[in-house]
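As a plain string of letters, each chain reads:
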Amino acid sequence: MPAINRDRLQSLMQSEQKKFIDERPKSKALFERARKSLLGGVPMNWMAKWAGAFPPFVRDASGAEFFDVDEHRYIDFCLGDTGAMTGHSPPATVSAVQEQVARGITLMLPSEDAVWVGEELQKRFQVPYWQFALSATDANRFSIRLARQITGRGKILVFNWCYHGSVDETFITLEDGVSKPRRGNVGPPVDPSVTTKVVEFNDIDALEKALQPGDVACVLAEPAMTNVGIVHPEPGYHRQLRELTRRHGTLLIIDETHTICAGPGGYTRVENLDPDFLIFGKPIGGGVPGATYGFTQDVAHAIAARQNLEDCDVGGIGGTLAGNALSLAAMRATLEKVLTQEAFDRMIPLAERWTAGVERAIKEFDVPWHVSRLGCRAEYLFSRTHPRNGTEAHDAMDFELERFMHLHAMNRGILLTPFHNMALMSPVTKQEDIDQHTRVFCEALRALTA
Ligand SMILES: Cc1ncc(COP(=O)(O)O)c(C=O)c1O
């Protein structure tokens, strides 16, 4: 088929924008009010990026749906960008939180729940030692610091177009073989090439060359990239990544914050990976802030050998509210009763159904797009072939087209994850929600290709 007609796209976008504004007078009024006290009218800058003229303001959410203040119902495939992968307010987490909130929220002392969660994480990931943070960003930052301390090396290595939270060292890209600060990087403390090496995912030769000088403390990697579309590792890639990191004395941090969608033990257990550190944030507490980082026995020994009790509260690791009683109660209930094997046994076939529906539509309307899936997460991207690395995935993005797909879906009661075209299935997502997405997706393609 010919490339999407840009004039048609712009005129469709205008009519979708009008529909969005006309049908949401209460959200519009709240947004106008918010602009007088919140920068850009939103409490967090990312929320300004939704495809509508303003974000829909939420009245309430439960399970896999929410209502906005104008009474529109949305099927939620964004699920708080994975923070609510459990479905909104899962009953088991809610009752544990209600119980704990009346018994103390944060004490800077451990609770029994912390021990239960540590033991459960051990079983799930086969990683022996655990610590807690309030966000996956922090869990990554703390692991990087520990890796630097243990190895005595300054640099880290990441993959081009990765995302691991607001970790300074990771905002670097590779352009024609040259590493540069990533576009949009706000106030970097130093040029990221001082702290970081960046190579393409699935490029073993580049990885070996970068590790060879022996100055890289750790590789920080999602086991499959999920923040620039989905980029799967090629067969044997993880084995080689592990061999090379070991050979060059570099520690391996596997960030499972999104790839937990592969199963209860993340991609690590599905593919039997063997990381030195493992990160898991976002949905671990069913939406209550919390994250964890685990590490091996060797790493635990190395940390203990360098630990300085007198300075441990000012060394750059930890935080006043980290490991608080409320997050731990939420994590315990979520791990025990919500993000279970049975839940994944429901969620993954739902994602297969979503993917099959999108794939059929791509074929029917003959658009040069493809759809990928990883466990209960799926995503379509505007290229015919599956990308091998971050650059190929990034080149397939199309901001204007993406905004149209999101706004068209929102106007028809469907929320996708903004910034790309990602859908996540919760344990309470319904088959009819998926089929409704397929119908709306077909409608968008019909309008684009008419
Ligand atoms: C793989 C990965 N790691 C870490 C993070 C950071 O999570 P948070 O924003 O909760 O700190 C993200 C956020 O999208 C992520 O996708």
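Residues numbered from 1 in each chain as written. Predicted model: local features only at pLDDT ≥ 70, side-chain atom pairs only at ≥ 80, totals over all residues. Heavy atoms only, no water.

S.K.: Before we move on, can you summarise the nonpolar core with the specific residues and values?
M.R.: Residues Phe159, Leu207, Trp354, Trp369, Tyr380, Met425 and Leu448 are the most contacted members of the largest nonpolar core, which totals 128 residues. Not counting the four nearest positions on each side in its chain, Leu448 is found in contact with Ile4, Arg8, Leu9, Leu12, Trp369, Leu401, Phe404 and Met405. (Core = buried A, V, L, I, M, F, W, Y, C linked by side-chain atoms within 4.5 Å. Buried < 20%, exposed > 50% of the residue type's maximum accessible area, 1.4 Å probe, protein only. Contact = heavy atoms within 4.5 Å.)

S.K.: Run through the environment of Ile362, naming residues and quoting values.
M.R.: Mapped onto the fold, Ile362 is located in helix α11 (residues 341-365). A relative accessible area of 8% means that Ile362 is categorised as buried. Along the chain, Ile362 and Cys442 lie 80 residues apart, while their C-alpha atoms are 8.4 Å from each other. When near neighbours in sequence (up to four residues on either side) are disregarded, Ile362 contacts Val367, Trp369, His370, Val371, Phe441 and Leu445. (Helix = DSSP H or I, 4+ residues; strand = E, 2+ residues; numbered from the N terminus.)

S.K.: Describe the packing of aromatic side chains, naming the residues involved and giving the relevant values.
M.R.: Under the criterion given, the structure shown has 21 aromatic pairs. Residues Phe20 and Phe54 carry aromatic rings whose centres are separated by 5.3 Å and whose planes lie at 50° to one another, so their mutual orientation is tilted. You can see Phe20 sitting in helix α1 (residues 6-22) and its partner Phe54 sitting in the loop between α2 (25-34) and β1 (58-62), a full 34 residues away along the chain. For the pair Phe20 and Phe54, one class covers both residues: buried. (Phe/Tyr/Trp six-rings, centres within 6.5 Å; stacked < 30°, edge-to-face > 60°.)

S.K.: Give a detailed account of a nonpolar patch on the surface, specifying residues and quantitative values.
M.R.: Together, Met44, Trp46 and Met47 make up an exposed nonpolar region whose accessible area comes to about 260 Å². Of the residues examined, Met47 reaches a relative accessible area of 34% and is grouped as partly exposed. (Patch = residues over 30% accessible without salt bridge, like charges linked within 9 Å, V, L, I, M, F, W, Y side chains within 5 Å. Areas by Shrake-Rupley, 256 points an atom, 1.4 Å probe, with all protein chains shown as cover. Salt bridge = Lys/Arg side-chain N within 4 Å of Asp/Glu carboxyl O.)

S.K.: Outline the sheet that holds strand β2 (residues 65-68), supporting the account with residue identities and numerical values.
M.R.: Sheet strands pair by backbone hydrogen bonding; their relative direction is either parallel or antiparallel. One open sheet accounts for four strands, arranged β1-β2-β3-β15; its pairing is mixed. The outermost strands of the open sheet, each flanked by one partner alone, are β1 and β15 (414-415). Here two bridges tie strand β3 (residues 73-76) to β15, and the two strands are oriented parallel to one another. Bridging across to β15, Asp76 finds its partner in Leu415. (Pairing = 2+ DSSP bridges.)

S.K.: So what's going on with the packing of α11 against helix α14 (residues 431-449)? Which residues, and what values?
M.R.: For any two helices packed against each other, one specifies the crossing angle of their axes together with the interaxial distance. As a packed pair, α11 and α14 sit with axes 9 Å apart at the nearest point and diverge in direction by 20°. Here α14 runs roughly parallel to α11, going by the angle between their axes. Remark: the crossing between α11 and α14 carries right-handed chirality. Contacts from Leu350, Arg353, Trp354, Gly357, Val358, Arg360, Ala361, Ile362 and Phe365 in α11 reach Gln431, Ile434, Asp435, His437, Thr438, Phe441, Cys442, Leu445, Arg446 and Thr449 in α14. Here the residues of the contact of α11 with α14 are counted per class, giving 10 nonpolar, five polar and four charged. (Axes fitted to C-alpha atoms, helices over the stretch in contact; angles between N-to-C directions. Parallel < 35°, antiparallel > 145°, perpendicular 65-115°, else oblique. Left-handed = near helix turned anticlockwise from the far one by under 90°. Nonpolar A, V, L, I, M, F, W, Y, C, P; charged D, E, K, R; others polar.)

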